[in-house]
Amino acid sequence: GNSVTQMEGPVTLSEEAFLTINCTYTATGYPSLFWYVQYPGEGLQLLLKATKADDKGSNKGFEATYRKETTSFHLEKGSVQVSDSAVYFCALTLSGGYQKVTFGTGTKLQVIP
Amino acid sequence: GAVVSQHPSRVICKSGTSVKIECRSLDFQATTMFWYRQFPKQSLMLMATSNEGSKATYEQGVEKDKFLINHASLTLSTLTVTSAHPEDSSFYICSAKNAYISYNEQFFGPGTRLTVL
């Protein structure tokens with residue numbers, strides 16, 4: 001089956017620190033990979049995505065590269081801000097109209113001034 | 001584009017009553033809609049997948065008679081929690097998909113917080 005494993009949180013960083021949240025996956029087939037962000041009390045927002053090996057997704061200073069050889073999609077940001085405090089979910093889906101999304105357990109990020 | 005709304009955003013009800021949550025795709029036709037449940041500080045759990053005009057497909061362990069899903073049009077799906085009890089209190093999130101817009105991407109609603117007293 002398909003699964004997503006991401007590092008457990010919470011992760012606490014000082015403002016302007018470098019962020020890495022690890023994500024690895026197992027999948028039958030060729031998945032598309034996503035990072036979603038959830039702010040307190042809100043739904044999910046797509047942060048970035050990559051649909052094939054070696055693609056790099058980027059948005060709002062965050063980036064992640066689809067590494068097929070290591071089955072990984074680690075999220076990075078060079079300088080975090082307090083406003084980045086949220087829960088981050090790594091996820092995958094396979095091709096096909098009815099394929100469901102498989103989520104990781106989520107990593108809470110807290111950025112302190 | 002690709003906006004999904006949910007209504008209501010919050011609902012509080014008494015034990016034993018039924019609650020209906022709406023999920024709408026505002027600017028696209030959703031061939032498939034998904035319903036998720038999220039417990040505090042946990043990930044999203046897929047409850048069911050619904051395709052317009054057909055019966056929903058429920059995940060293992062989800063009670064079909066408890067969580068009624070209707071996908072009557074290409075822009076609306078509803079989740080009805082029947083005879084709600086305190087253990088049904090949760091955050092319910094829907095998502096919608098159209099393979100012609102974005103092949104592998106689902107668009108998520110803002111969620112509905114259900115509290116059963």
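The coordinates are above.
Given the structure is predicted, the values throughout are model-derived calculations rather than measurements.

Visitor: Please provide a residue-by-residue account of the interface of chain B and chain A, values included.
Guide: The interface is formed by 21 residues belonging to chain B together with 23 residues belonging to chain A. Both sides together, the interface formed by chain B and chain A hides about 1,700 Å², and carbon and sulfur atoms give 52% of it. Three residues, N104, E105 and F108 of chain B, lead the burial of chain B against chain A; their summed loss comes to 30% of the area buried on that side. Applying the counting rule to chain B against chain A returns one salt bridge. Inspection of the chain B/chain A interface yields four residue pairs in polar contact (both at pLDDT 80 or more). Broken down by secondary-structure element, the contributors of at least two residues to the side of chain B that touches chain A are strand 4 (32–38), strand 5 (44–51) and strand 9 (90–97) of chain B. No other element matches strand 4 of chain B, which puts four residues into the side of chain B that touches chain A.

Visitor: How would you explain the packing of aromatic side chains if you had to name every residue and give the values?
Guide: Under the counting rule described, the total for this entry stands at eleven aromatic pairs over all chains. Considering the side-chain rings of Y36 of chain A and F103 of chain A, the 5.8 Å spacing of their centres and the 50 degrees angle between planes classify their relative orientation as tilted. In this pair, Y36 of chain A is assigned in strand 5 (residues 32–38) and F103 of chain A in strand 11 (residues 102–103), connecting sequence segments 67 residues apart. As far as the burial class goes, Y36 of chain A and F103 of chain A line up, both buried. Three or more aromatic residues link up through ring pairs in this structure, and these residues are F34, Y36, F89 and F103 of chain A together with Y36 and F108 of chain B.

Visitor: Tell me about the state of the cysteines, and name the residues and values.
Guide: Counting across every chain of the model gives two disulfides over all chains. At a sulfur-sulfur separation of 1.9 Å, the disulfide partner of C23 of chain A is C90 of chain A. Because the sign of the S-S torsion sets the handedness, a value of about -70 degrees for the bond joining C23 of chain A and C90 of chain A places this disulfide among the left-handed ones. Of this pair, C23 of chain A sits in strand 4 (residues 23–26) while C90 of chain A sits in strand 10 (residues 86–93), and the two are 67 residues apart along the sequence. There is a disulfide in this structure between C23 of chain B and C94 of chain B, and the S-S distance comes to 2.0 Å. The chirality of the disulfide connecting C23 of chain B with C94 of chain B is right-handed, given an S-S dihedral of about 80 degrees. Of this pair, C23 of chain B sits in strand 3 (residues 19–25) while C94 of chain B is found in strand 9, placing the two residues 71 residues apart along the sequence. Considered together, C23 of chain B and C94 of chain B belong to a single accessibility category, that of buried residues. Of all cysteine sulfurs in the structure, the one in C94 of chain B sits closest to C13 of chain B, which takes part in no disulfide; the separation is 18 Å. Classification of C13 of chain B by relative accessible area gives buried; the value is 10%.

Visitor: Provide a residue-level description of the sheet that holds strand 3 of chain B, including the pertinent values.
Guide: All names here are of chain B. Within the open sheet, the four strands sit side by side as 1-3-8-7. Their pairing is antiparallel. Both outer strands of the open sheet, strand 1 (4–7) and strand 7 (67–73), are each paired with one neighbouring strand and no more. For this sheet the average axis-to-axis angle between neighbouring strands, irrespective of direction, equals 15 degrees. Direction of pairing for strand 3 relative to strand 8 (residues 76–81): antiparallel, over a ladder of six bridges. Within strand 8, the residue paired with C23 across the bridge is S77.

Visitor: Any details on the pattern of salt bridges? Residues and values, ideally.
Guide: Residues and elements named next belong to chain A. Tallying each qualifying case throughout the model produces six salt bridges over all chains. Between E63 and K56 there is a salt bridge; the shortest N-O distance is 3.6 Å. The salt bridge partner of D84 is K77, with a shortest N-O separation of 2.7 Å. Considered together, D84 and K77 belong to a single accessibility category, that of buried residues.

Visitor: Talk me through the sheet that holds strand 3 (residues 19–21) of chain A; I want residue IDs and the actual numbers.
Guide: In a beta sheet, neighbouring strands are held together by backbone hydrogen bonds and run either parallel or antiparallel to one another. Residue and element names in this part refer to chain A. Taken together, the four strands give an open sheet; going across it, the order is 3-9-8-7, and neighbouring strands pair in antiparallel fashion. The sheet is open, and its two edges are formed by strand 3 and strand 7 (56–59), each paired on a single side. Neighbour-to-neighbour, the strand axes of this sheet turn through a mean angle of 15 degrees, independent of strand direction. Two elements, strand 7 and strand 8 (residues 62–65), share four bridges in a ladder whose sense is antiparallel. Each residue of the ladder has a partner; that of K56, found in strand 8, is T65.

About the criteria used
Sequence order as written defines the numbering, with residues in each chain counted from 1. Labels are handed out in written order, letters beginning with A for the chains and numbers beginning with 1 for the ligands. This being a predicted model, a pLDDT of at least 70 is required before a residue's local features are given, and a value of 80 or more before pairs of side-chain atoms are given or counted; all residues contribute to the totals for chains, interfaces and linings. In computing side-chain properties, one takes all heavy atoms of the structure into account and sets aside hydrogens as well as water. Residue contacts follow a heavy-atom distance rule, with two residues in contact if any of their heavy atoms lie within 4.5 Å. Each of two parts loses accessible area, computed with a 1.4 Å probe, when they are put together; buried area is these two losses added. Note on definitions: salt bridges are taken to be side-chain nitrogens of Lys or Arg within 4 Å of carboxyl oxygens of Asp or Glu. Distance and chemistry together define a polar contact, namely a pair of N or O atoms within 3.5 Å, with one atom able to donate a hydrogen and the other to accept it when in protein, and with adjacent residues in sequence counting only for side-chain atoms on both sides. A helix here means a DSSP run of H or I that spans at least four residues, while a strand means a run of E at least two residues long, and both kinds are numbered starting from the N terminus. Each Phe, Tyr or Trp ring (for Trp, its six-membered ring) is paired with any other whose centre lies within 6.5 Å, and the angle between the two planes then decides the class: stacked below 30 degrees, edge-to-face above 60, tilted in between. Each residue gets one of three labels from its accessible area relative to the maximum for its type: buried under 20%, exposed over 50%, partly exposed in between, using a 1.4 Å probe on protein chains only. For this text, the term disulfide refers to a pair of cysteine sulfurs within 2.5 Å. When DSSP finds at least two bridges between two strands, those strands are taken to pair. Between the N-to-C directions of two axes lies an angle of 0 to 180 degrees, each axis being a line fitted to C-alpha atoms and, for a helix, fitted only over the stretch in contact.

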